[in-house]
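Residue strings, one per chain:
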Amino acid sequence: MATSLTPYSQLHALIIDDMAVQQTTLRGQLASLGIGKVDVAGNAEDALRQVRAKHFHLILCDYNLNSRTDGQQLFEHLREQDLLPPDCLFFMITAEGGYASVASATEHKPDAYLLKPITAADIGDRLRALLDRRHALLPISQCLRKQDLGGAVQACDEVLAQKNRWFVQALQLKGQTLLQMGRPEDAKTVYRQALDLRADLVWAQLGLARAHKAAGQFEQARMIAQDIVGSHHGEKHMAAYDVLAESLEALGDAQGAMWVLKDAARVVPSSKRHRLLGESAYRNGDLDTAKASLGQVAKATRNSVVAQSSDVLMLAQTLVDRGEVAEALGVLADTPGAATHCAVFGPASQAIRAQALARKGDASGAAAALQLARQSLRKPKADLATVALARAELVTGDEQAGLALLQQAVSADHENPRVKQLIGKALADTGHEDKLAQVIEAAAAGLDGRVKAAKALFRDSRLTEALAEIEAAVHDYPENTAVLLQAAQMNCLSLRLQKLLDPVVLERVQQYLARLDKLLPGNDRVTQMQRYFRETLEQLMAPQKLAA
């Protein structure tokens, strides 16, 4: 079908539907609106592949895809993995009249939802309103797509200066961008400006809470987030529960954080919510809640694109800790093939299996599984596989090997309170609680000593030696976030002191920041370090710009 030239002719659309007839119908409706560049996907896996490969402006997705991954799960996965660009509109199509109530209690909401049977006019009406907004805010989204955060703030200011109907949306985008830039104090000003306009703006209240958290003001963040989740308008705002839980955890109240996550999973019983709750409950020793939540996640995501091997592993470990060894072995044996391809699954599953068999009294079976776990664990890390293997060593009688593994796990990320919780629980469960100080405090002290030595050299202006010391620590502990942050900062400081744009050092810092972003996505300390690196670049490039 030939398409006529319309305001929508430049859009690239993706149709996600498992029925060929519906794909053809939707393609025809888009063509009547002037949209001729249309791709189709018959399932979530194909859709995910195409979204990763192409830039779509519009996605029409059927809610019921007749597979393990429904449209809502796919949409939330795309949002959480940051796979949808800022200028992409996502429309959910459903034959279920109850979808509106489903969507009201979900992590993310699509730009629009359409109830079957739909017409081209239905699509066009939604497009018209949303594209008006997109056009008005296009300079902002273009900068965000290029990761030009400074340009995005400037574009926000230009929209704000017009004082038109997009003023509030521009304020919201400006606040989000300032937080992304590691400028929490400036973000606070923006959110307070929005609240002066309307005190009940939940997004502005939440933004203010996030800004306090980013600035390390956890008690203020906790108070604001608590008010949001306690209000009628904010009760279903999942991000507020996250800020509240993270603030409580930063204040040392891990149990309080777990109860907040319980409330969140009650309001929005999604796989993500139950995963967060299950993991927190396990760390806090609430094995009943851990079993219930992780079991629900494993069942709901089985063979879907949102499945994670860690769900099965944590569930199996929970069952072993509860003494339900037959059930734990059954969970491991019944794991779908795709989940077993994860690098951590082999050593972790064998270590958990060794624990289960040891509890069952099968010493030879436990020894065989333990040997497989040892062989497949590449390098001890601050992860479930290392802690599970340490548990297996301890329950089979090799105290020295078990304690050594736990000490290596602490050293891999010695400032991570969740890792310390896992290790403390492992020691308590295996009757080695008296070794807590030996394992955790000794390892942390060793790492702190190396960092302090590097800082001391830096203060004495022995830059080369200081950088060599911190680089050696990075080499030994490549995923220790505290060491990586310190290495990034010291390298930036050396560039500033020498007033030198050294490409080798710049690349090194970028590698550290990329590793940190992967290990701690969205972390406030990482955001602050990214800002420091940008400011270092700007400072060093300023003389060159003046000379030009």
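Since the structure is predicted, the reported quantities are computational estimates derived from the model, not experimental observations.

**Some thoughts on the nonpolar core**
Moving on, step 1. Counting residues in hydrophobic clusters, the biggest one holds 106 residues, and the most contacted among them are Ile140, Leu406, Ile423 and Val439.
Moving on, step 2. Of all hydrophobic cores here, the second largest spans 30 residues; its members include Cys492, Leu495, Leu516 and Leu540.

**Considering the packing of aromatic side chains**
Moving on, step 1. Throughout the structure, instances matching the rule amount to two aromatic pairs.
Moving on, step 2. For lysine 262, the ring lying beneath its charged end belongs to tryptophan 259, and the centroid distance is 3.8 Å.

**Structural notes on the pairing of strand β4 (residues 89-94)**
Moving on, step 1. Most of β4 is tucked away, with six of its six residues classed as buried.
Moving on, step 2. The side-chain alternation of β4 yields two buried faces, one formed by Leu89, Phe91 and Ile93 and the other by Phe90, Met92 and Thr94.
Moving on, step 3. Of the pairings in the sheet, the one linking strand β3 (residues 58-62) to β4 comprises five bridges and is parallel in character. When the bridges of β4 are listed, leucine 58 appears paired with leucine 89.

**What to know about the pairing of strand β5 (residues 112-115)**
Moving on, step 1. The two faces of β5 differ: Ala112 and Leu114 on one face are buried, but Tyr113 and Leu115 on the other face are not.
Moving on, step 2. With four bridges joining them, β4 and β5 adopt parallel strand pairing. In the sheet register, isoleucine 93 faces β5, and the bridge partner there is leucine 114.

**What about the sheet that holds β4?**
Working definition: the strands of a sheet are paired by backbone hydrogen bonds and lie parallel or antiparallel to each other.
Moving on, step 1. Strand order in the open sheet formed by five strands is β2-β1-β3-β4-β5, and the pairing between neighbours is parallel. Bordering the open sheet on either side are β2 (37-41) and β5, each of which pairs with just one other strand. Going across the sheet, the axis of each strand differs from the next one's by a mean of 20 degrees, ignoring polarity.
Moving on, step 2. Bridging between strand β1 (residues 12-16) and β2 involves five bridges; their strand directions are parallel. If you follow isoleucine 16 over to β2, its bridge partner there is alanine 41.
Moving on, step 3. Against the sheet, helix α2 (residues 44-53) touches β1, β2 and β3, its axis set at about 140 degrees to β2.

**So, the side chain of threonine 481**
Moving on, step 1. Turning to its location among the elements, threonine 481 is positioned in helix α25 (residues 481-498).
Moving on, step 2. Taking relative accessible area as the criterion, threonine 481 reaches 8% and is therefore assigned buried.
Moving on, step 3. Threonine 481 has contacts with Asp413, Leu516, Leu519 and Leu520, leaving out every residue within four places of it along the chain.

**Points about unusual backbone geometry**
Moving on, step 1. In this structure, proline 117 follows lysine 116 across a cis peptide bond, with omega equal to -5 degrees.
Moving on, step 2. Its identity as a non-glycine residue notwithstanding, aspartate 82 has a phi of 55 degrees, on the positive side.
Moving on, step 3. When you line up the elements, aspartate 82 lands in the loop between α3 (71-80) and β4.
Moving on, step 4. Its identity as a non-glycine residue notwithstanding, lysine 499 has a phi of 50 degrees, on the positive side.
Moving on, step 5. Residue placement: lysine 499 occurs in the loop between α25 and α26 (503-519).
Moving on, step 6. Here lysine 499 falls in the exposed class, since its relative accessible area comes to 71%.

**Here's the deal with the packing of helix α7 (residues 149-162) against helix α8 (residues 167-180)**
Moving on, step 1. Packing of α7 against α8 leaves a shortest axis separation of 9 Å and a crossing angle of 160 degrees. Relative to α8, the element α7 lies roughly antiparallel. Considering how the two elements wind past one another, α7 and α8 form a crossing that is left-handed. Contacts from Leu149, Ala152, Val153, Cys156, Asp157, Val159 and Leu160 in α7 reach Phe167, Ala170, Leu171, Leu173, Lys174, Thr177, Leu178 and Gln180 in α8.

The rules we used
- Here the residue numbers are simple positions, counted from 1 along each chain's written sequence.
- Totals for whole chains, interfaces and linings use every residue, but because this is a predicted model, local features are given only for residues with pLDDT of at least 70 and side-chain atom pairs only at 80 or more, for both listing and counting.
- Side-chain measures were taken over the full set of non-hydrogen atoms in the model, leaving aside hydrogen atoms and water.
- The term nonpolar core refers to a set of buried residues drawn from Ala, Val, Leu, Ile, Met, Phe, Trp, Tyr and Cys, joined through side-chain atoms within 4.5 Å.
- The buried label applies to any residue whose accessible area, calculated with a 1.4 Å probe on protein chains only, is under 20% of its type's maximum; exposed applies above 50%, and partly exposed to all values in between.
- Any Phe, Tyr or Trp ring, taking Trp's six-membered ring, that has another such ring centre within 6.5 Å forms a pair; planes under 30 degrees apart are called stacked, those over 60 apart edge-to-face, and the others tilted.
- The criterion is that NZ of a Lys, or CZ of an Arg, lies within 6 Å of the ring centre and within 35 degrees of the ring normal, and then a charge sits over that ring.
- Labels follow the DSSP assignment, with helices taken as runs of H or I lasting at least four residues and strands as runs of E lasting at least two, numbered in each case from the N terminus.
- Two strands are counted as paired when DSSP detects at least two bridges linking them.
- What counts as an axis is a line fitted to C-alpha atoms, over the stretch in contact for a helix, and the angles between N-to-C directions run from 0 to 180 degrees.
- Two residues form a contact once any of their heavy atoms are found within 4.5 Å.
- These descriptions rest on fixed angle ranges, namely under 35 degrees for roughly parallel, over 145 for roughly antiparallel, 65 to 115 for roughly perpendicular, and the rest for oblique.
- In a left-handed crossing the near helix is turned counterclockwise from the far helix by less than a right angle, and in a right-handed crossing that turn is clockwise.

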